[in-house]
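The residues making up each chain are set out below.
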Amino acid sequence: MLVHLHQYKHEEVDFDDNRTTGESQTEDSVNKDSEEYFGENIQDFDVETWETVEYEGDPIQRRTLTIGGVAAVSVPQDENEEDDPDLPGRTIQIRTGGGQEFVEQAVFVEAQDENPDQ
């Protein structure tokens, strides 16, 4: 099956001479147009894209993960000490035919059958 998750992390702040600690970044400086930032359209790159979203009044980063060939999804019963209570989500375990993977600070979005006709 295909599994869709959102994974979260704290915003990586870039300081410049015009900002002070604690001063919020503007939407323009955080979410620059890809051509302005990279000189090319981001869709031409094969990279993971984090977007800035607001959570409890603070900017955080979120990305969408899609994992194929998943046999099972579970949330470990014991909480992971590395999970950050200031971010949404927690560690999710993904099992595939080739092993298992743990995705930290993740929220389960959806699971789909990869071959619904079978």
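Residues numbered from 1 in each chain as written. Predicted model: local features only at pLDDT ≥ 70, side-chain atom pairs only at ≥ 80, totals over all residues. Heavy atoms only, no water.

Caption draft 1: Quick look at the overall build of the protein. In terms of helices and strands, the protein carries two helices and six strands. If you take every contact in the protein between residues at least 6 apart in sequence, the share linking residues at least 24 apart comes to 55%. Total accessible area on the protein stands at roughly 8700 Å², and carbon and sulfur atoms take up 41% of it. (Helix = DSSP H or I, 4+ residues; strand = E, 2+ residues; numbered from the N terminus. Contact = heavy atoms within 4.5 Å. Areas by Shrake-Rupley, 256 points an atom, 1.4 Å probe, with all protein chains shown as cover.)

Caption draft 2: Highlighting a negative patch on the surface. A cluster of acidic residues, Glu54, Glu56, Asp58 and Asp86, forms a negative patch at the surface. Within the secondary structure layout, Glu54 lies in strand E2 (residues 51–55). (Patch = residues over 30% accessible without salt bridge, like charges linked within 9 Å, V, L, I, M, F, W, Y side chains within 5 Å. Salt bridge = Lys/Arg side-chain N within 4 Å of Asp/Glu carboxyl O. Lys, Arg positive; Asp, Glu negative; His and termini not counted. Charge placed at Lys NZ, Arg CZ, Asp CG, Glu CD.)

Caption draft 3: Layout of unusual backbone geometry. Of note in the backbone geometry, Glu56 takes a positive phi value of approximately 50° without being a glycine. Overall, Glu56 belongs to the exposed group, its relative accessible area being 68%. Positive phi outside glycine occurs at Gln105, with the angle close to 50°. Among the structural elements, Gln105 can be located in strand E6 (residues 99–112). (Buried < 20%, exposed > 50% of the residue type's maximum accessible area, 1.4 Å probe, protein only.)

Caption draft 4: Seen up close, the sheet that holds strand E4 (residues 70–74). Across the sheet, six strands lie side by side as E2-E3-E1-E6-E5-E4; this open sheet has antiparallel pairing. Of all strands in the sheet, those bounded by a partner on one side alone are E2 and E4. The mean inter-strand angle of the sheet, taken between neighbouring strand axes irrespective of direction, is 50°. Strand direction decides the pairing type here: strand E1 (residues 2–10) and strand E3 (residues 58–67), joined by eight bridges, are antiparallel. Across the sheet, Val3 pairs through a bridge with Ile67, a residue of E3. (Pairing = 2+ DSSP bridges. Axes fitted to C-alpha atoms, helices over the stretch in contact; angles between N-to-C directions.)

Caption draft 5: Up close: the nonpolar core. Core analysis: the largest hydrophobic core is formed by nine residues, namely Val3, Leu5, Leu65, Ile67, Val70, Ile92, Ile94, Val103 and Ala106. Elements supplying a minimum of two residues to this core: E1, E3, strand E5 (90–96) and E6. Setting aside residues no more than four positions away along its own chain, Leu65 makes contact with Val3, His4, Leu5, Gln7 and Val103. (Core = buried A, V, L, I, M, F, W, Y, C linked by side-chain atoms within 4.5 Å.)

Caption draft 6: Expanded view of the packing of aromatic side chains. One pass over the full model with this rule turns up zero aromatic pairs. When the ring centre of Trp50 is taken as origin, the NZ or CZ atom of Lys9, which lies over that ring, is 4.4 Å away. (Phe/Tyr/Trp six-rings, centres within 6.5 Å; stacked < 30°, edge-to-face > 60°. Lys NZ or Arg CZ within 6 Å of the ring centre and 35° of its normal.)

Caption draft 7: Summary view of the environment of Val3. Mapped onto the fold, Val3 is located in strand E1. Classification of Val3 as buried rests on a relative accessible area of 0%. Excluding residues that lie within four positions of it along the chain, Val3 makes contacts with Leu65, Thr66, Ile67, Val70, Val73, Ile94, Phe108, Glu110 and Ala111.

Caption draft 8: Region of the structure containing the pattern of salt bridges. Overall, the coordinates contain one salt bridge when judged by the stated rule. As a salt-bridge pair, Glu51 and Arg62 come within 2.9 Å of each other at their nearest N and O atoms. With a gap of 11 residues between them, Glu51 in strand E2 and Arg62 in strand E3 connect regions that are remote in the sequence. Look at Glu51 and you get partly exposed, because its relative accessible area is 36%.

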